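# Per-entry structural report
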Amino acid sequence: MALVRKIIPQSTVDGPGNRTAVFLQGCNIRCLYCHNPETQALHDPEAREMSVEEVTEEVRKGIPFIRGITVSGGECMLQADFLTTLFTAVKSLARETNHPLSCLIDSNGTVPFERFPQLMAVCDGVMLDVKAWDTDVYQRLTRANDNTTVKQNLVWLLKHDLLTEIRIVCLPDIVDVETILHHIAETFDFIGKNAPVRLLRFRPHGVIGELANHPMPTDEQMACYADCARSLHLAFSIK
Ligand code: SF4
């Protein structure tokens, strides 16, 4: 069983193609720019306990219009055992229906993926949030202790061809996007592999607290980030 906040039957913004997006309840960090603060609490009366069978039935309804599922949160890796069983069931559903279904994870990267080999054996990829590179910026942004595990996950996923996408929320005056891009490019060079980078424009809509009125990056700022990514030969997109 898992605590499920919501399921979007067909989403085009949670990974490649049309996908069923499953949002699990509970997060282990507290990002200043969180758009879904209601998903942070580990328990919430609006979240519903669902079994793997129940979630899989929701996925079945999307066939043949979906390419797979993406599980997000909160932080879905807090319920990693559920993910293993769910992804195994979805792969079995794909065989039964003769319709390919990929299983992706959208994660803040704070839980080490290498500790879950059975999950990673049925997972097709991870969309990893790299929220900051410098520890002090990361602490300020997330109220977590440090981002060592996120960086280790970046390397591990890259080495194992499981890094579907890196996501960076471009937050002016707080997140040094260029620094993150430089370190990502260094990591790619070091490992000899790469992955697409998605630059997400910070939007204050739905954000509560000190960033509720924080400015969005201007088009000029986004263009600078794009120039930086281009100069580092990164495959990137802007959203
Ligand atoms: S990791 Fe995601 S869900 Fe958790 S606090 Fe940050 S933005 Fe919100």
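Nothing here was measured: the structure is a model prediction, and the numbers come from that model.

## Digging into the overall build of the chain
Broken down by element type, the chain carries seven helices and nine strands. What you see for the chain is a C-alpha radius of gyration of 18 Å, in line with the 18 Å of a compact globule of 239 residues. With respect to the principal axes defined by its C-alpha atoms, the chain has extents near 50 × 40 × 30 Å. Every one of the 239 residues in the chain was classed for burial, and the buried ones make up 53%. The contacts in the chain between residues at least 6 apart in sequence include a share of 67% that link residues at least 24 apart. As displayed, the chain offers around 11200 Å² of accessible surface, 51% of which is attributable to carbon and sulfur atoms. Measuring between centres, the 23 positive side-chain charges of the chain sit 4 Å from its 30 negative side-chain charges.

## Quick look at the packing of aromatic side chains
Overall, the coordinates contain zero aromatic pairs when judged by the stated rule. Seen from the ring of Phe-23, Lys-6 lies directly overhead, with NZ or CZ sitting 5.1 Å from the centre.

## Here we look at the sheet that holds strand 3 (residues 48-50)
The nine strands are arranged 3-1-2-4-5-6-7-8-9 in an open sheet whose pairing can be described as mixed. Edge positions in the sheet fall to strand 3 and strand 9 (236-238), since each has one partner strand and no second. Neighbour-to-neighbour, the strand axes of this sheet turn through a mean angle of 30°, independent of strand direction. Pairing geometry for strand 1 (residues 2-11) and strand 2 (residues 19-24), over five bridges, is antiparallel. Paired with Ser-11 across the bridge in strand 2 is Arg-19. Of the strands in this sheet, strand 1, strand 2, strand 3 and strand 4 (68-72) are in contact with helix 1 (residues 52-62), which crosses strand 3 at around 90°.

## Comments concerning the nonpolar core
Phe-87 and Ile-105 are the most contacted members of the largest nonpolar core, which has 79 residues in total. Aside from chain neighbours lying at most four places away, what touches Phe-87 is Ile-69, Val-71, Cys-103, Leu-104, Ile-105, Leu-119, Val-122 and Cys-123.

## Things to note about unusual backbone geometry
In this structure, the amide linkage connecting Ile-63 to the following residue, Pro-64, adopts the cis form with an omega of 10°. Mapping Pro-64 onto the fold places it in the loop between helix 1 and strand 4. Cis peptide bonds are those with omega within 30 degrees of zero, and the linkage from Gly-73 to Gly-74 qualifies with 15°. Within the secondary structure, Gly-74 is located in the loop between strand 4 and helix 2 (80-97). Positive phi values are uncommon outside glycine, yet Arg-143 reaches one of about 60°. Inspection of the secondary structure puts Arg-143 in the loop between helix 4 (135-142) and helix 5 (148-159). Residue classification places Arg-143 among the exposed residues on the basis of a relative accessible area of 56%. Although it is not a glycine, Asp-161 adopts a positive phi angle of roughly 55°. Along the chain, Asp-161 falls in the loop between helix 5 and strand 7 (163-170).

## Side note on the pattern of salt bridges
For the structure shown, the criterion picks out 15 salt bridges. Between Arg-60 and Glu-57 there is a salt bridge, and its shortest N-O distance comes to 3.2 Å. On the criterion of helical spacing, the pair formed by Arg-60 and Glu-57 is a turn pair, its members being three residues apart in helix 1. On the accessibility criterion, Glu-57 (38% relative accessible area) is partly exposed. Glu-165 is the partner of Arg-198 in a salt bridge, and the nearest nitrogen-oxygen pair spans 3.3 Å. With Arg-198 in strand 8 (residues 197-201) and Glu-165 in strand 7, this residue pair connects regions lying 33 residues apart in the sequence.

Parameters and conventions
Residues numbered from 1 in each chain as written. Predicted model: local features only at pLDDT ≥ 70, side-chain atom pairs only at ≥ 80, totals over all residues. Heavy atoms only, no water. Helix = DSSP H or I, 4+ residues; strand = E, 2+ residues; numbered from the N terminus. Rg over C-alpha atoms; globule rule 2.2 N^0.38 Å. Buried < 20%, exposed > 50% of the residue type's maximum accessible area, 1.4 Å probe, protein only. Contact = heavy atoms within 4.5 Å. Areas by Shrake-Rupley, 256 points an atom, 1.4 Å probe, with all protein chains shown as cover. Lys, Arg positive; Asp, Glu negative; His and termini not counted. Charge placed at Lys NZ, Arg CZ, Asp CG, Glu CD. Phe/Tyr/Trp six-rings, centres within 6.5 Å; stacked < 30°, edge-to-face > 60°. Lys NZ or Arg CZ within 6 Å of the ring centre and 35° of its normal. Pairing = 2+ DSSP bridges. Axes fitted to C-alpha atoms, helices over the stretch in contact; angles between N-to-C directions. Core = buried A, V, L, I, M, F, W, Y, C linked by side-chain atoms within 4.5 Å. Salt bridge = Lys/Arg side-chain N within 4 Å of Asp/Glu carboxyl O.

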